[in-house]
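# Breakdown of the fold
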Amino acid sequence: MEHPEITEDMIFQCFAAAQQDPDQNKTAASFVDVEEYENQIMYPEFARWAEKAGHRDLATLFRKVAGEEKLHAVWLRELYSDIGVPPRGEDTQRAIDALETIKANCDKLIKMNPQGVVEKALSVAIRVEEREYLDIYPRFRDQALAENDAETAAVYQRVIDSEQQHAEWFQAALQDFQSTAAAQTA
Ligand SMILES: [Fe+2]
Ligand SMILES: [Fe+2]
């Protein structure tokens, strides 16, 4: 490829959607699978990009959010003691593969266009968090409520509130990032 480029959509392919299942235990296992993927793979990779691009503050933010994704899995694991190592979801595996593909080009691209990669990662992080708190996890909460499982519903609600906060942190960081960039080119 003569002019490799990483688009926002390519990075968005690294998002893994947790899958709802008629069996609440399977929904929970998928949730844990995705949250642990975000904790162990996706956000640490975004943090690595930010660090390489010279944005330590953003690397710290990605790592902080990664830590909270771990907590989300821990909260739910407390109610589902038999999850163990959840089966790797199809969508999670697809996301892992997408991330591997990007990684091959990423280091080169960060050198060529560090601001671009970091800005796109932030935009994707906002989209990921929004999908979760506006769409996916409310459905999981409602499934638990429909089964009169108030405890599980309360955990999903706590997660929804937390993902919303993540979206807000990333939005603020992106605004900051863009206004700094604008000031530098003015
Ligand atoms: Fe999460
Ligand atoms: Fe999150």
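First, a word on what this report is: a plain description of the structure on this page.

Parameters and conventions
- Residues numbered from 1 in each chain as written.
- Chains lettered and ligands numbered in written order.
- Predicted model: local features only at pLDDT ≥ 70, side-chain atom pairs only at ≥ 80, totals over all residues.
- Axes fitted to C-alpha atoms, helices over the stretch in contact; angles between N-to-C directions.
- Helix = DSSP H or I, 4+ residues; strand = E, 2+ residues; numbered from the N terminus.
- Parallel < 35°, antiparallel > 145°, perpendicular 65-115°, else oblique.
- Left-handed = near helix turned anticlockwise from the far one by under 90°.
- Nonpolar A, V, L, I, M, F, W, Y, C, P; charged D, E, K, R; others polar.
- Core = buried A, V, L, I, M, F, W, Y, C linked by C-beta atoms within 7 Å.
- Buried ≥ 20, exposed ≤ 12 C-beta atoms within 10 Å, placed from the backbone.
- Contact = placed C-beta atoms within 7 Å.
- Expected span 1.5 Å × (residues − 1).
- Bend = angle between axes of the 7 residues up to and from the residue.

## Quick look at the packing of helix 5 (residues 114-146) against helix 6 (residues 150-185)
What describes two packed helices is the angle between their axes and the distance between those same axes. Helix 6 packs onto helix 5 with a crossing angle of 160° between their chain directions and a minimal axis gap of 8 Å. Considering the angle they form, helix 5 stands roughly antiparallel to helix 6. Crossing of helix 5 against helix 6: the hand is left-handed. Classifying every residue of the contact of helix 5 with helix 6 by side-chain character gives 19 nonpolar, 7 polar and 6 charged.

## Some remarks on unusual backbone geometry
Backbone geometry at Asn 148 places phi at a positive 55°, although glycine is not the residue there. Looking at the secondary structure, you find Asn 148 in the loop between helix 5 and helix 6.

## Points about the nonpolar core
Core analysis: the biggest nonpolar cluster contains 47 residues, and Phe 46, Trp 49, Ala 50, Phe 62, Val 118 and Ala 121 have the highest contact counts within it. Elements supplying a minimum of two residues to this core: helix 2 (24-52), helix 3 (56-77), helix 4 (90-112), helix 5 and helix 6. In this view, Ala 50 contacts His 55, Leu 58, Ala 59, Phe 62 and Val 118; residues no more than four positions away in its chain are not counted.

## A word on helix 2
Here helix 2 contains 29 residues, and its C-alpha end-to-end distance of 41 Å stays within 8% of the 42 Å for a straight helix at 1.5 Å per residue. At Glu 38, helix 2 shows its largest bend, some 45°. Looking one or two residues past helix 2, Gly 54 carries a phi angle of roughly 85°, positive in sign.

Nothing here speaks to function; it is geometry throughout.
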